[in-house]
Amino acid sequence: SRIEINQTGTTLYYQPGLLYGGSLEHDCSPSRGIGYYLESLLCLAPFMKHPLKIVLRGVTNDQVDPSVDVLKATALPLLKKFGIDGESLEIKINRRGMPPKGGGEIVFSCPVRKVLQPVQFTDPGKIKRIRGTAYSVRVSPQMANRMVESARGILNKFLPDIYIYTDHMKGVSSGKSPGFGMCLTAETINGTILSAELASNPQGQGEAVLPEELGQSCAKLLLEEVYRGGCVDSTNQSLALLLMTLGQRDVSKVLLGPLSPYTIEFLRHLRSFFQIMFKIETKTTEEEHTGGEKVLMTCVGIGFHNLSKTIR
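Residues numbered from 1 in each chain as written. Predicted model: local features only at pLDDT ≥ 70, side-chain atom pairs only at ≥ 80, totals over all residues. Heavy atoms only, no water.

Focus: the pattern of salt bridges
Counting across every chain of the model gives 13 salt bridges. For D27, the salt bridge is made with R57, and the minimal N-O distance between the two is 3.4 Å. Remark: R57 occurs in strand β4 (residues 50-58) and D27 occurs in strand β3 (residues 21-27); sequence separation between them is 30 residues. Using a relative accessible area of 26% as the deciding quantity, one classes R57 as partly exposed. Residue E265 is joined to R268 by a salt bridge in which the shortest nitrogen-to-oxygen separation is 3.0 Å. Note that E265 and R268 are positioned in helix α6 (residues 261-274) at a spacing of three residues, about one turn of the helix. Among the residues examined, E265 registers a relative accessible area of 39% and is labelled partly exposed. Given a relative accessible area of 46%, R268 falls into the partly exposed group. Salt bridges sharing partners connect three or more residues here, namely E25, D27, R57 and E105. (Salt bridge = Lys/Arg side-chain N within 4 Å of Asp/Glu carboxyl O. Helix = DSSP H or I, 4+ residues; strand = E, 2+ residues; numbered from the N terminus. Buried < 20%, exposed > 50% of the residue type's maximum accessible area, 1.4 Å probe, protein only.)

Written out as structure tokens, the structure is:
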């Protein structure tokens with residue numbers, strides 16, 4: 001690609017090139033989480049010339065961006081629904097890094113696809129199980145157990161099948177800053193995955209959080225996400241809409257919970273870049289007691305083909 005900035009520094013001329021892919025490494029800025037970089041990579045990775053394998057270093061879990069755990073649990077199954085699957089699709093956490101200093105490391109690999117499948121994803125189904133990870137780095141390993149206890153205290157009232165792993169990393173793999181946090185996912189009988197997460201305040205910023213309170217708040221956030229419902233959780237709404245837009249010239253439907261402000265802005269971008277408009281129908285769910293109002297999004301894909309993919 002070509003990037004040119006004029007002499008006064010007021011305009012930027014950008015000519016995008018082909019997405020090359022291959023094996024890469026990148027040190028992310030510790031002011032944002034790795035999730036910030038991963039979100040855009042998830043959108044681009046299936047359309048590279050060579051399968052992508054990238055090592056990202058920095059902050060794996062923070063309070064701003066979606067954590068690597070959540071993207072691993074929710075975005076990867078979503079990509080699989082669009083036909084982007086295989087053994088090479090994975091996110092692996094080698095080291096955790098908490099803000100402010102980071103020091104985490106993850107590996108993201110993704111295969112390339114020529115076309116995407118259209119999806120009909122309109123029935124989220126009932127919640128069948130809850131899984132999660134409570135992680136702690138450079139603090140007492142007991143912190144993770146305390147979070148699990150308090151989160152289970154709330155969630156056990158609703159269903160018995162709850163398993164929250166505790167992940168205590170030691171030594172080099174624990175990054176450079178202390179912290180702890182939790183990521184919970186609820187899975188339905190139709191394979192919808194909804195997620196929620198919380199992380200402790202960074203070292204030296206704000207007041208200390210009790211692990212019990214953090215566990216309870218995270219469980220409540222998951223219940224809030226289940227109430228919002230839909231077939232894709234609020235973190236991945238924009239990714240789902242992008243993959244529907246780039247699909248074959250066929251109708252794709254997805255049922256979403258209330259649209260997040262980011263998604264609304266993203267729909268405007270889709271309109272200006274791809275001239276594509278979604279048909280948006282609101283669904284009220286008074287008779288079924290299935291949470292908040294839902295939105296059924298329908299579109300016809302633009303039939304995007306990955307022309308940079310090498311034919312072997």
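Section: helix α3 (residues 142-155)
With 14 residues, α3 extends 20 Å from end C-alpha to end C-alpha; this agrees with the ideal 20 Å at 1.5 Å per step. Turning to α3, its buried residues are M143, A144, M147, V148, S150, A151, I154 and L155. Contact partners of the buried residues in α3: β8 (127-137), β9 (162-169), β10 (179-188) and α4 (211-228). (Expected span 1.5 Å × (residues − 1). Contact = heavy atoms within 4.5 Å.)

Describing the sheet that holds β9
Picture the strands of a sheet paired through backbone hydrogen bonds; they go either parallel or antiparallel. Spatially, four strands are ordered β9-β8-β10-β11 in an open sheet, and the strand pairing comes out mixed. What marks the edges here is a single partner per strand, and that holds for β9 and β11 (193-199). Strand after strand, the sheet turns through a mean of 15° between neighbouring axes, direction not considered. For β8 and β9, the ladder comprises eight bridges, and the chain directions are parallel. Note on β9: the bridge partner recorded for S136 is H168. The strands that α3 touches are β8, β9 and β10; relative to β9, the one it contacts most, it runs at about 165°. Taken strand by strand, α4 contacts β8, β10 and β11, and its axis lies near 150° from that of β11. (Pairing = 2+ DSSP bridges. Axes fitted to C-alpha atoms, helices over the stretch in contact; angles between N-to-C directions.)

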